[in-house]
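# Structural features, examined
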Amino acid sequence: MSGAAVRDPAAYPRRTLAEKIDHLFTSAAPKEGRPPSYEDVATAINIAAGEKTISSTYVWQLRTGRKTNPTKRHLEALARHFGVSPAYFLDHEESDRIDEQLTLLKALRDADVRSLALRANDLSPSSRRNIASLISQLRKLEGLDDSEDAARQVEHPPSGLGQMATPAGLQEGHGSRRAGGG
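Residues numbered from 1 in each chain as written. Predicted model: local features only at pLDDT ≥ 70, side-chain atom pairs only at ≥ 80, totals over all residues. Heavy atoms only, no water.

### Here's the deal with the overall build of the protein
Looking only at helices and strands, the protein has nine helices and zero strands in total. Taken from the N to the C terminus, the helices and strands of the protein come in the order α-α-α-α-α-α-α-α-α. Expressed as a percentage of the 182 residues in the protein, the buried residues total 32%. When the accessible surface of the protein is totalled, it reaches about 11,300 Å², and 52% of it is carbon and sulfur. (Helix = DSSP H or I, 4+ residues; strand = E, 2+ residues; numbered from the N terminus. Buried < 20%, exposed > 50% of the residue type's maximum accessible area, 1.4 Å probe, protein only. Areas by Shrake-Rupley, 256 points an atom, 1.4 Å probe, with all protein chains shown as cover.)

Below, the structure written as structure tokens:
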């Protein structure tokens, strides 16, 4: 493999603006809940701006790809609403980094995952690696994806997340199925 800065475009397909907005909607959804409505998002943006900035129809058009060239003002308003940098929509590497953080935050909404993360926080790096290894084995037993990326995040969490990211091996697949007691 060549240097880490070289990205294989086939391995990391570039997402459209609509796909990125859709991802923000689904990431904003509570666990086992519905994403916010277009009306909810537009209303929140307009209230925060103190004026009519965007319509629910336009939010829908952007999310579905029917409109693909929003103004800087619209991108900034959407970014502010979803709590991401406006660069999320423009810079593919930045959107990948933010998506890693969103995946972790979504996982941490699950009380069991959050509890595990908090309990592992003060453990030594060696103990956290052992936990990550055990989780990988359990994920394999349950037929869940256990990518190498998740295991690497234990040693190198996404920037800005500090030690809270150590049990990132718990990405997606948590919640509805658990390893039984015993």
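### Points about helix H3 (residues 56–64)
Turning to H3, its buried residues are Tyr 58, Val 59, Gln 61, Leu 62 and Arg 63. Of the residues flanking the end of H3, it is Gly 65, one or two places downstream, whose phi is positive at about 85°.

### Quick look at the pattern of salt bridges
Within this structure, the stated rule accounts for five salt bridges. As a salt-bridge pair, Glu 51 and Arg 73 come within 2.6 Å of each other at their nearest N and O atoms. Separated by 22 residues along the polypeptide, Glu 51 in the loop between helix H2 (38–49) and H3 and Arg 73 in helix H4 (residues 72–82) bring together distant segments of the chain. (Salt bridge = Lys/Arg side-chain N within 4 Å of Asp/Glu carboxyl O.)

### Some thoughts on the side chain of Lys 20
Within the fold, Lys 20 resides in helix H1 (residues 17–28). Despite its burial, Lys 20 remains without a salt bridge, the nearest opposite charge being carried by Asp 96 at 7.1 Å. In this view, Lys 20 contacts Arg 15, Tyr 88, Phe 89, Leu 90, Asp 91, His 92 and Ser 95; residues no more than four positions away in its chain are not counted. (Lys, Arg positive; Asp, Glu negative; His and termini not counted. Contact = heavy atoms within 4.5 Å.)

### Topic: the packing of H2 against H3
The interhelical angle for the contact between H2 and H3, taken along N-to-C directions, is 115°, at an axis separation of 8 Å. Every pair of crossing elements has a handedness; the one defined by H2 and H3 is right-handed. Note on element contacts: H3 touches H2 through Ser 56, Val 59, Trp 60, Arg 63 and Thr 64, opposite Tyr 38, Glu 39, Val 41 and Ala 42. Residue classes in the contact of H2 with H3 are distributed as five nonpolar, two polar and two charged. (Axes fitted to C-alpha atoms, helices over the stretch in contact; angles between N-to-C directions. Left-handed = near helix turned anticlockwise from the far one by under 90°. Nonpolar A, V, L, I, M, F, W, Y, C, P; charged D, E, K, R; others polar.)

### Regarding H4
Inspection of H4 places His 74, Leu 75, Ala 77, Leu 78, Ala 79 and Phe 82 among the buried residues, and these make up the whole buried set. At its buried positions, H4 is contacted by H1, H2, H3 and helix H5 (87–90).

### Let's talk about the nonpolar core
Ile 21, Leu 24, Val 41, Leu 78 and Phe 89 are the most contacted members of the largest nonpolar core, which has 21 residues in total. Every element with two or more residues in this core is listed here: H1, H2, H3, H4, H5 and helix H6 (92–108). Per-element tally for this core: the top contributor is H4, with five residues. Apart from residues lying up to four places away in sequence, Leu 78 is in contact with Ile 21, Val 41, Ile 45, Leu 62 and Phe 89. (Core = buried A, V, L, I, M, F, W, Y, C linked by side-chain atoms within 4.5 Å.)

### Things to note about the packing of aromatic side chains
Tallied over the full model, the rule gives three aromatic pairs. Their ring planes at 55° and their centres at 5.6 Å tell us that Phe 25 and Tyr 38 sit as a pair that is tilted. Here Phe 25, found in helix H1, pairs with Tyr 38, found in helix H2; they are 13 residues apart in sequence, far enough to count as distant. Under the relative-accessibility criterion, Phe 25 is labelled buried at 0%. (Phe/Tyr/Trp six-rings, centres within 6.5 Å; stacked < 30°, edge-to-face > 60°.)

### A short note on the packing of H1 against H3
At their nearest, the axes of H1 and H3 sit 6 Å apart, and the two run at 115° to each other. By the angle between their axes, H1 is roughly perpendicular relative to H3. Residue-level contacts link Leu 17, Ala 18, Ile 21, Asp 22, Phe 25 and Thr 26 of H1 to Val 59, Leu 62, Arg 63 and Thr 64 of H3. (Parallel < 35°, antiparallel > 145°, perpendicular 65-115°, else oblique.)

### Remarks on the environment of Gly 83
Among the secondary structure elements, Gly 83 is positioned in the loop between H4 and H5. Exposure remark for Gly 83: the relative accessible area of 64% places this residue in the exposed category. In sequence terms Gly 83 and Ala 28 are 55 residues apart; their C-alpha atoms lie 9.8 Å from each other.

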